[in-house]
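Structural features, examined
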Amino acid sequence: MGASRSLILAAALTGLGLVLTQPVAADEREARIDWGQRYTVSAPLAGIVREISIQPGDRVTEGQTLFTLDTRRLRADARAGEAERERLHLELAEADREVERAEELYDRTLIALRELELSRIQRAMAAARLARADAELQKTRVDLEDSVVRAPAAGRILSVTVSMGEAVSPALAPAVLAVLGSTDPMRAETTVDADTAGRLQPGQPARVRLDTGEAFDGSVASVGWQVEDIGFGDGYRLAVHFSAPETARLRAGQSARVSLPAVADE
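Residues numbered from 1 in each chain as written. Predicted model: local features only at pLDDT ≥ 70, side-chain atom pairs only at ≥ 80, totals over all residues. Heavy atoms only, no water.

The next subject is the sheet that holds strand β1 (residues 27–34). Strand order in the closed barrel formed by six strands is β1-β10-β13-β12-β11-β14, with antiparallel pairing between adjacent strands. Neighbour-to-neighbour, the strand axes of this sheet turn through a mean angle of 40°, independent of strand direction. In the sheet, strand β10 (residues 186–192) pairs with strand β13 (residues 234–242) via seven bridges, with the strands oriented antiparallel. Looking across to β13, one finds that M186 is bridged to F242. (Pairing = 2+ DSSP bridges. Helix = DSSP H or I, 4+ residues; strand = E, 2+ residues; numbered from the N terminus. Axes fitted to C-alpha atoms, helices over the stretch in contact; angles between N-to-C directions.)

Structure follows, in structure tokens:
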């Protein structure tokens, strides 16, 4: 009888141990898929759209050409700037020679100090004109580079808001050419209560599951500090970043579920 009781007690303790060591189920809640980040692609200078290299839905890589603005005026300005710079180089060389002659004549007491100072002033003015021309030419070259509008990040083109031949000018209004959504990472958003928000930290593991059954490992990207309703009731906004293959063909607004790490009871 004593042996039977011992066996029953051992079995009970073993079962209790199994219960105590069983991992706590993760906290899962409704969420919505969004792009990792949205970029507004704008025109950095005034011009006419000469070429559009993308259309909505295209995947692009960072630095890929999206638009090209007409550069005929800029190329003409660059040629004129190079010619002016060459002329001013010659002018500065002549001013240097004049200073050398004036210094020699002054050393021989053939001219007054004032004449030497005037030659030096003329040389300084020539150097200033050359420096200004160099700066203007550099600005024109930067504008030429900016006439090719490139993708600020890898992602998917969400919209294109200009047409071929359309004039754009950032001086009149922010000239939005396109909107791009980055796809790596993607983002899942939901809301959590204050207790959950208080225990979550950026970088903690999380998991995103789609309605299709596909699931992706991710991590907490940010936890909000004020209550808001983004479609899941009042709570603190939680963003989870995750990576997904192109075959998943994710779109912003898709429903999903986010599994958060649970804290076991002490």
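As a further point, take the pattern of salt bridges. For the structure on display, the rule yields 26 salt bridges. Two residues, R141 and E82, come together in a salt bridge whose shortest N-O distance is 3.4 Å. Of this pair, R141 sits in helix α3 (residues 113–146) while E82 sits in helix α2 (residues 72–107), and the two are 59 residues apart along the sequence. The exposure class of R141 is partly exposed, given its relative accessible area of 31%. As a salt-bridge pair, D96 and R123 come within 3.9 Å of each other at their nearest N and O atoms. One end of the pair, D96, is in helix α2; the other, R123, is in helix α3, and 27 residues separate them in sequence. Classification of D96 as partly exposed rests on a relative accessible area of 29%. A residue is classified by how much of its surface remains accessible, and R123, at 31% relative accessible area, is partly exposed. (Salt bridge = Lys/Arg side-chain N within 4 Å of Asp/Glu carboxyl O. Buried < 20%, exposed > 50% of the residue type's maximum accessible area, 1.4 Å probe, protein only.)

Bringing the packing of aromatic side chains into the picture now. For the structure shown, the criterion picks out one aromatic pair. Summarising the aromatic geometry, the rings of F216 and F242 are spaced 5.7 Å apart at their centres and angled 20° between planes, so their arrangement reads as stacked. Here F216 is found in strand β12 (residues 215–229), whereas its partner F242 is found in strand β13, with 26 residues between them in sequence. In terms of burial, F216 and F242 fall into one category: buried. (Phe/Tyr/Trp six-rings, centres within 6.5 Å; stacked < 30°, edge-to-face > 60°.)

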